Amino acid sequence: MTAPPAPTVVRVLCGEDVLRHAGALRAVYVDAFCAPPWNEDEGKAAGFASRLPRDARRPGFAAAVAVAGPDVLGFASGWTTLPPFPTDRCYPQAAAGLGARRAEDWLCGAFEVDELAVRPGAQGSGLAGRLLDAVTEGAPGGRSWLLTSTQAPRAMAFYHRQGWSQATHPSPDGKGIVVFLGPRHPARGLVPLPL
């Protein structure tokens, strides 16, 4: 008779405490993002691993880690977006979609979800929603946000099902970045509806 599977426990870690799991998080990242629709290569996983120690020192950094026995099944991580609104990575696309003033007012001082990854064997179990809820629970004033790509319709549908509000509406044929506001974000009622 085989033992029942270990229950999955989600723990929130702040700051550099997450680095105890750095190797496991990198492995989850590879499993989640090297497959379609993301199709990332090993270089992106290496970039994530090299950014993690720096990200863990950002103000407000938190990570929700899902563990079943000895196995890490998924994680979500992020930090507080500090003013002025950043101009690297995909931030310019977010600012272009929202407008500079809204980007500053709605996103600065809010908790930014940077990564959400679940191993393929645990996808569809509700774990991603648990991780997202756990990592954003302490968002300042309920203000949380994230970016995703229009090229990931399953991710976009997931965020809609979780009660997140799509704040930007790039061309469906484009490769645009979409801004989502969390379910408790006070500006969620102000987002423009798609045409």
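Everything discussed here concerns the structure shown above.
Residues numbered from 1 in each chain as written. Predicted model: local features only at pLDDT ≥ 70, side-chain atom pairs only at ≥ 80, totals over all residues. Heavy atoms only, no water.

How should the layout of surface pockets be read in this particular structure?
To find the voids left in a structure, one rolls a probe of water-molecule size over its atoms. Of the pockets and cavities examined, the largest pocket occupies roughly 1400 Å³. When residues of the lining of the largest pocket are traced back to their parent elements, those giving at least two are helix H1 (22–33), helix H2 (42–55), strand S4 (111–118), helix H5 (127–136), strand S5 (144–149) and helix H6 (153–161). Looking at which element gives the most residues to the lining of the largest pocket, the answer is S4, with seven residues. When the residues that make up the lining of the largest pocket are grouped by side-chain class, the tally is 25 nonpolar, ten polar and eleven charged. (1 Å grid on protein atoms, 1.4 Å probe; cavity = no way out; pocket = protein on both sides within 12 Å on 5 of 7 lines; lining within 4 Å. Points joined across faces, edges and corners; volume = space filled by probe spheres on them. Helix = DSSP H or I, 4+ residues; strand = E, 2+ residues; numbered from the N terminus. Nonpolar A, V, L, I, M, F, W, Y, C, P; charged D, E, K, R; others polar.)

Before we go on, may I ask you to explain the packing of aromatic side chains in this structure?
Aromatic ring pairs are described here by two measures, namely the spacing of the ring centres and the angle between the planes. Within the structure shown, the criterion is met by ten aromatic pairs. Each ring, one from Phe85 and one from Tyr91, has its centre 5.5 Å from the other, and the planes form 85°; the classification is edge-to-face. Grouping residues by exposure puts Phe85 and Tyr91 together as buried. For the pair Phe158 and Tyr159, a centre-to-centre distance of 5.2 Å together with 65° between the ring planes defines the contact as edge-to-face. Tyr159 shares its class with Phe158; the two are buried. Taken together, the ring pairs connect Tyr29, Phe33, Trp38, Phe48 and Phe75 into an aromatic cluster. In this arrangement the basic side chain of Arg58 is found over the ring face of Trp79, its NZ or CZ atom lying 4.0 Å from the centre. (Phe/Tyr/Trp six-rings, centres within 6.5 Å; stacked < 30°, edge-to-face > 60°. Buried < 20%, exposed > 50% of the residue type's maximum accessible area, 1.4 Å probe, protein only. Lys NZ or Arg CZ within 6 Å of the ring centre and 35° of its normal.)

In this structure, what is going on with unusual backbone geometry? I would like to understand it.
With glycine set apart, most residues show a phi of negative sign, and most peptide bonds adopt trans. Residues Pro83 and Pro84 are joined by a peptide bond in cis, for which omega reads -10°. The phi dihedral of Arg89 falls on the positive side, at around 50°, and the residue is not glycine. Note that Arg89 resides in the loop between strand S3 (71–80) and helix H3 (91–98). With relative accessibility at 43%, the residue Arg89 sits in the partly exposed group.

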